[in-house]
Structures are given as C-alpha cells and as structure tokens.
Amino acid sequence: MDPTQKTPLQHNSTLFISPHVTRKVDVFVTPPNPHNNLFETPGSLLSLFFNPENVTGEAPNQLEHPSLGATEEPLSRAEKLRLWRHDAFMQHQYETAEYIGDKILSLTNDPNDAFWLAQVHFNRGDYLRAYNLLTSKPEYEQSLACRYLCGYSLVKLERWDDALDVLGETNPFRDQPYKARTVERGTRLEASMCYLRGLIYASQTNFERAKEAYQEAVMVDVKCYEAFNELINNDFMTPAEQWEFINQLNYADAEDNDELVKLLYTTKLSKYMNLEKFEEAETILKDEYRLGDNTDVLLSRVNNFYVRCNYDECCALCEKLLNDDPYNFNILAVYISCLYELGGRNKLFLRAHQLADNHPAHPLTWFAIGTYYLSIGKVLEARKFFGKANMLNPNICHGWIGFAHTFAIEKEHEQAVSAYAFAARLFPGNHFPNLFLGMQHVAMKSFNLAEEYLLASYEICNTDPLLLNELGVVHYHKKSWHQAEACFREALGAAKYINSDSKSWISIHVNLGHVYRMVGDYHKAMDCFTQALKLSPRNDSNIFTSIGFVHLKLRDEHKAIEFLHEALAVNPSDTIAADLLKRALESNSLKSNAFMQSMNQNSPDLSQSVNIMKAWMDRKMDHPITSISENILDTPLIGQSRFHVHRRDPNSEHDVNELAEQLRRGEDSSGEEIMEIESE
C-alpha cells in the first residue's frame, strides 16, 4: 500500500473527521501544517477563523498570508460553523456546542456532524441521548465513528449485550490489513472498538475474551494505551506473558517515537522477572529522553520498590511524588499499602480523611478508610469499607484481598476462601488470590487442596518468597522433607534476588531449621535458627525455644536451659518452652545426681560446690531476664502475620503434667508434638 494514500475507513482515527481544516482536496483531512493547530486559541496570530482584519468572512488574501497555497479554497458557511462548534466544545461550553452543532446537522445531515453533536451529549453525560441520535438514521449507523461512539454510549449505560450487537462479538475488520500507518497519526477506530469490546467482556466476567480483545486492540494500534493499561493493571496476563506480548507489538505506528513507546511500556511490566531490562529502560528514559523526573517513570520505580518489599524507599518516593500531585490515585494506591506495611497509622488516618473530604465517591477513598480500620484492629468496620470500595470499582485487586483478609483474621475460613476465590476469578494474572487460598487451606489442614492452589499461584509467579515458603510448609506437613528443604532454600534465594529486607523472611530461616531438625541434622538446624536470631528485629520466643530444643537434642542441657529461660522471659505463657524447660531441668538433674554420687565417693568438698551451683540456678529461675515484646512482622500484603506458631492451650495443665510424666518415664518426644512449623 502506498504510504501517501489514505488508509481504509475502518483504520481511520477521528482526526479524519476533524473540523479544523485548511483544505486542498478533502475537507475532512487534517494536513501536517504547523500553522493550523487543532488547539489554536481564537484571536491568535495563527488563527484563520478569528482574524479582526477579516470580519467579512472572505477568504484570506494570498499576499497577506503567504503560508496559504494558491489552490486552497475559502471556508464554506458550514465549515465556519463547525469551527465555532468545535472551539466551544474544546472550551467545555457545551450549550453553545450543542446549539450550533444541531444547526449544522440540520444543514448538512452529515454523519460526521452527527458524531460531533453526539460527542457533546456524551461529554455532558447524556449517554442515552447520544445513542438515540446516532441510531436515528441508517446513514449514521454506517459511519464507523458513529458506530464506535454508539457502542461507547451503551457501555456507559451498562447495556452490555446491546453494545456487543453494535460493536460485534469479534473484530469485523480482523482480516483487513492494518500494518500501514494512519495518515492522521491518531489511534485507529478499529483498535478503540476492540478496547470497548474488552470492557464489555470484562464487565460480563468473561475474562478470557476480554484479554483477547485488549491484546488485539494493542496489536492493531500500539497507541491504544487504554487497552494496554487494562491488560497490565488488571493482571490479565502472567509476568511471562507480559514480556512476551510486548515484543510482538508493531511500534511503527508511533513513527519516530517507536523506541520511546516501547521503553515506556516496558517500565509498566511486572517486576517479578527481567528486572535488568526494566532498569535498562529506566536508564535510557532518564539519560536520553530526560524523563527521569516524569511521574509515570517514577511510579514504575515505586512499584519496583514495593514488589521488592523495600517499603521505606517506596514510601519516601511516594511522598515525594504526592507533594507535587497529592491526588494521583495511581500513586495513592501503592502509598496506602506501604503505610499499612510500615505501621504508619497516623499518616494513613490523615490521608484517608483528605480523600474522604475531596473525593467521597472514589473507590480508593473507601479502600484507604478500610485499610486504616484494619490497621487498628477494627475488622468489621474494615470489611464494610472494603466492600464499599469493591462495589464502586470491582477492578481493585487489593480491595478484594483486603476484604477477604477481614474474614481470614477472624478465622472464618469458609468466607475467606469464597472471597479469595472471587478475587482469583477477577484477576486471573495475579498470583496473590491463589496464594492466600492455599494459605487458608493450610490453616484448615487441607494440604492437598492447599498444594493445588499454591501450584496454580506458582505457575503465575515462581519468584515470590512468600509463595515458596508456603509450598515448603505443605511439603513439611506431608513429611516430604527433601521437597520442603528445596522450597525453603529456593525461597531464601528468591528473597535475596529481589533484594528485599532480609528481616522480612526470618520465618523462612526458622522453617528450614525445623526441616533439618526433623531429618536429624541438628548442626544445620542450629545454623538456621542462629541466623534467624541475628536477623530478628526484636527477640522472638519461638526462635529461642527452637534453639533450646536443638541443644536438648544435642544433649547440651545447660545451653538448652539458658535459651528456654530466654524464651519464657520474652513470652511467659509459652507452654512449649515450659514443657521443654521441665525436660531439660530433669535431664540435667539426673546428670547432676549421677555426677554428685560419683564425686561423693572421691571429694565431699566438690559435692558441696555442685550444690551451691544448683542453688544459684534455682535463684535464676525465680528471677528471669527482662521481658522483650513479641516479634511481629507483616507480609507484603494486608493483614497476614509472618509468625504463626501453633501452641498448646496455656490453661491446659493436663497436657503439661502428662508430658512431664512421660518424660519422667523416659519417653522421648518426636519433636513434632513439641513444635510445629511456621506458616506465613
């Protein structure tokens, strides 16, 4: 196809029917003349339709305007009215635009004039009026621009089936060539219609068809950013599919901006893989295009920090961007999640109030309020506001996850499973709903179902340490020690790869230590528990208990007693530590008695020294070390505790006495009865 020729009608953008013209041949073609800007201000030196020296309506003089070619014709009466209508439309003077547009349509009966009058109705929110106008005559329905706007009006009216009848269930121009560039350099109407088709299928929860429609829209015209944004933000594609898809696009439609568009699109892709390509794209945009301070480029860096669990830097960059643009909802969505992770309740309270005052109808406002109530432990209130946010906009993934978390926190597992399952259906490319489904089934001891959901999540994203840890937990409970070890080691490697704070993954070290303990490799277990103790920001009784138990297994009662005392100092109600301490003291007492009997035969003075040491140990038991608050770490998503130890009932004296009696009879514990592995 000759690139100088106009492309077929179905590929044209609405620039093809722009009323701003300096025509040579076709009245509706906008030439690439810099003196005929679509958005010129009336009365400027370049304006051809509002010149104080040309009040008679005559054509401009060739000598006074040398930029006009000799073959250019003067504007007709209808064309002058179109310019009036369009200028009023651009200045949001819709009454004027509607009044003049109606007169133009009566004069010309042209489908293009019907389109622009319907645009006025559409922008005023009169969608039914726009639809009735565009379907009032058969010639209007034959216009592709009218057909597109008619379909969009039906989408706004939520008449999905009628909109599909107008747009078609599939792209009717699929077999037409679309590789050639549009003369007008706008977005092809064919691509825009594919985007609308995707919106309709998504609203009907037919996400597979919606994904296909959005992909086709971007394939038809890479400039259809709306469709690309829906694909990425709503997780219609897995991270691997995103990176594969971006390499299939035809960037020639962007002409000289082809590299720029590809770099910008690259920065929006998932940060779970190909991190080096994202950093390369960001560097080029900063150095060569001087877009280092652009909000969208910095927002991609914000998402990168969040995915890598680097909440401090993520929050700092969000606050920097919000100082310049305080109501950028794309930034606010990440910022609210960051504040929850960092425990910034005061900032979260203030931001939620600001949103409620200025944007009471926006779904993110109610998501922020729900997140605040969740952070202060008011679960019922949080559930109510998450539900309201989801009703206003069902396409907020964190809103559905937060809603489901409110059930999980109260251990209402069936309701939590239903909410997570609905989120998994809404966001097929997001691995978190299936991950949390697996975690709920772990809590319900349904390990086969848990493994099924976790593997479904693993197929979407195989680099999340939280997911790998949960898979390890399932294998641990199924006594698949080698598979559990592989999962935990892979989780530690993934945490290191995403460069997250190592303190966030303490429980993975602890869980790996329990695996080594179960297979009898106590020295490796001790290394894991010691590493977890070094990383712990505040002392955790479970880690001390684990170390004490391993020392007990290694027959080092003195060390075991020391660490178990530390565990009880941190958490006096830790019945596991109390059980183990009784065992350690009894074992140590038996050894001491045997040692004393042996020494009494040789040296009474040494026996007296041993008695003094025993009395000192008794006094130490009566005066434990200073208590340190319990360590609690949150997951990268809302409301999940990183440390979850299944403990015995502290009020159950029968269990403690029974265990003590077993220990007196010499019965050894399996270890599984003493301590269970930690699920995230």
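Residues numbered from 1 in each chain as written. Predicted model: local features only at pLDDT ≥ 70, side-chain atom pairs only at ≥ 80, totals over all residues. Heavy atoms only, no water.

Helix and strand content of the protein: 32 helices and zero strands. Burial statistics for the protein: of 680 residues in total, 51% are counted as buried. A total of about 32600 Å² of accessible surface is found on the protein, and carbon and sulfur atoms cover 51% of it. (Helix = DSSP H or I, 4+ residues; strand = E, 2+ residues; numbered from the N terminus. Buried < 20%, exposed > 50% of the residue type's maximum accessible area, 1.4 Å probe, protein only. Areas by Shrake-Rupley, 256 points an atom, 1.4 Å probe, with all protein chains shown as cover.)

A few words on helix H10 (residues 225–233). Along H10, the residues that are buried comprise Ala227, Phe228, Asn229, Glu230, Leu231 and Ile232. Looking one or two residues past H10, Asp235 carries a phi angle of roughly 55°, positive in sign.

In this section: a negative patch on the surface. There is a patch of like negative charges on the surface, built from Asp256, Asp258, Glu259, Asp287 and Glu288. As for its placement among the helices and strands, Asp258 is situated in helix H12 (residues 258–267). (Patch = residues over 30% accessible without salt bridge, like charges linked within 9 Å, V, L, I, M, F, W, Y side chains within 5 Å. Salt bridge = Lys/Arg side-chain N within 4 Å of Asp/Glu carboxyl O. Lys, Arg positive; Asp, Glu negative; His and termini not counted. Charge placed at Lys NZ, Arg CZ, Asp CG, Glu CD.)

Throughout the structure, instances matching the rule amount to 15 salt bridges. The salt bridge partner of Lys223 is Asp221, with a shortest N-O separation of 3.2 Å. A salt bridge links Glu319 to Lys347, with the shortest nitrogen-to-oxygen separation between them at 2.9 Å. Of this pair, Glu319 sits in helix H15 (residues 311–324) while Lys347 sits in helix H17 (residues 345–358), and the two are 28 residues apart along the sequence. Here Glu319 falls in the partly exposed class, since its relative accessible area comes to 24%. Within this structure, Glu95, Glu98, Arg124 and Arg129 form a network of salt bridges that share partners.

The phi angle at His92 is positive, at roughly 60°, despite the residue not being glycine. Along the chain, His92 turns up in the loop between helix H1 (77–90) and helix H2 (94–108).

Moving on, we come to helix H19 (residues 379–392). Along an α-helix, residues three or four apart share an orientation, since each turn contains 3.6 residues. Taking 1.5 Å as the rise per residue, H19 with 14 residues should run 20 Å; its terminal C-alpha atoms sit 20 Å apart, in good agreement. Structurally, H19 contributes buried residues whose contacts are with helix H18 (363–375) and helix H20 (397–409). (Expected span 1.5 Å × (residues − 1). Contact = heavy atoms within 4.5 Å.)

Okay, the UniProt feature "repeat: TPR" (unreviewed entry) in the protein next. Here, UniProt's "repeat: TPR" (unreviewed entry) annotation points to residues 363–396, 506–539 and 541–574. Taken end to end, residues 363–396 comprises 79% helix and 0% strand; its first and last C-alpha atoms sit 9 Å apart. Secondary structure within residues 541–574 divides into 79% helix and 0% strand; the distance between the first and last C-alpha atoms comes to 8 Å. (UniProt positions renumbered as here; feature names shortened; annotations may be inferred.)

The full count for this structure, using the stated rule, is 24 aromatic pairs. Relative to Phe385, the ring of Trp366 lies with its centre 5.8 Å away and its plane at 5°, an arrangement referred to as stacked. Note that Trp366 is positioned in helix H18 and Phe385 in helix H19, a separation of 19 residues in sequence. Classification of Trp366 by relative accessible area gives buried; the value is 13%. Note on Phe385: relative accessible area 13%, which makes it buried. Ring pairing ties together the aromatic residues Phe349, Trp366, Tyr372, Tyr373 and Phe385, which thus form one cluster. The lysine or arginine in question, Arg159, covers the ring of Tyr131, its NZ or CZ lying 5.1 Å from the ring centre. Sitting above the plane of the Phe407 ring, Arg383 keeps its charged end 4.0 Å from the centroid. (Phe/Tyr/Trp six-rings, centres within 6.5 Å; stacked < 30°, edge-to-face > 60°. Lys NZ or Arg CZ within 6 Å of the ring centre and 35° of its normal.)

This paragraph deals with the packing of helix H27 (residues 522–535) against helix H28 (residues 541–553). Taken N-terminus to C-terminus, the directions of H27 and H28 make an angle of 160°; their axes are 10 Å apart at the nearest point. Between H27 and H28, the angle is such that the two are roughly antiparallel. The hand of the H27/H28 crossing is left-handed. In contact with Tyr522, Ala525, Met526, Phe529, Thr530, Ala532 and Leu533 of H27, H28 contributes Ile543, Phe544, Ser546, Ile547, Val550, His551 and Lys553. (Axes fitted to C-alpha atoms, helices over the stretch in contact; angles between N-to-C directions. Parallel < 35°, antiparallel > 145°, perpendicular 65-115°, else oblique. Left-handed = near helix turned anticlockwise from the far one by under 90°.)

Our focus in this paragraph is the nonpolar core. Judged by nonpolar contacts, the single largest core of 172 residues is most densely connected at Tyr195, Tyr214, Val302 and Cys314. Of the residues forming this core, the biggest block, 10 residues, is contributed by helix H8 (residues 189–203). Excluding its chain neighbours within four sequence positions, the residues that come into contact with Cys314 are Val302, Phe305, Tyr306, Val334 and Cys338. Core analysis: the second largest hydrophobic core is formed by six residues, Leu260, Ala281, Leu285 and Val297 among them. (Core = buried A, V, L, I, M, F, W, Y, C linked by side-chain atoms within 4.5 Å.)

Time to look at the confidence of the model for the protein. Averaged over the protein, the pLDDT score is 78; the fraction of residues at 70 or greater is 74%. Between the elements of the protein, mean pLDDT differs from a low of 40, seen in helix H31 (residues 604–622), to a high of 96, seen in helix H4 (residues 127–134). For residues 178–182, every residue scores under 50 in pLDDT, and the model assigns this stretch 18 contacts once sequence neighbours within four places are set aside. Segment residues 602–657 is flagged for pLDDT under 50; beyond a separation of four residues in sequence, or across chains, it makes 118 contacts in the model. (pLDDT = per-residue confidence, 0-100.)

Before going further, it helps to spend a moment on the environment of His551. Tracing the sequence through the fold places His551 in helix H28. Distance from His551 to Tyr522, taken between C-alpha atoms, is 8.5 Å for residues 29 residues apart in sequence. If near-sequence neighbours (up to four positions away) are discounted, His551 is found in contact with Met526, Asp556, Lys559, Ala560 and Phe563.

Okay, the state of the cysteines next. This structure, assessed with the given rule, holds zero disulfides. Just so you know, Cys224 is unpaired, no disulfide at all, and the nearest cysteine sulfur is the one on Cys194, 8.1 Å from it. Cys314 forms no disulfide, and the closest cysteine sulfur to it belongs to Cys338, at a distance of 3.2 Å. Look at Cys314 and you get buried, because its relative accessible area is 0%. (Disulfide = S-S within 2.5 Å.)

Below, the discussion takes up the environment of His359. In this fold, His359 is placed in the loop between H17 and H18. Setting aside anything within four residues of it in sequence, one finds His359 in contact with Tyr327, Phe329 and Thr365.

This part takes up the environment of Thr205. With respect to the helices, strands and loops of the structure, Thr205 is situated in the loop between H8 and helix H9 (207–220). The spacing of Thr205 and Arg425 is 220 residues in sequence and 8.2 Å in space, taken between C-alpha atoms.

The next subject is the packing of helix H16 (residues 329–342) against H18. To characterise two packed helices, one gives the angle between the axes of the helices and the distance between these axes. As a packed pair, H16 and H18 sit with axes 10 Å apart at the nearest point and diverge in direction by 5°. Of the possible angle classes, the one that applies to H16 and H18 is roughly parallel. Of the residues in H18, those in contact with Phe329, Leu332, Ala333, Ile336, Ser337 and Tyr340 of H16 are Leu364, Phe367, Ala368, Thr371, Leu374 and Ser375. Partitioned by chemical class, the residues of the contact of H16 with H18 number nine nonpolar, three polar and no charged. (Nonpolar A, V, L, I, M, F, W, Y, C, P; charged D, E, K, R; others polar.)

Next up on the list: the side chain of His441. Considering the arrangement of structural elements, one finds His441 in helix H22 (residues 432–443). A relative accessible area of 8% places His441 in the buried class.

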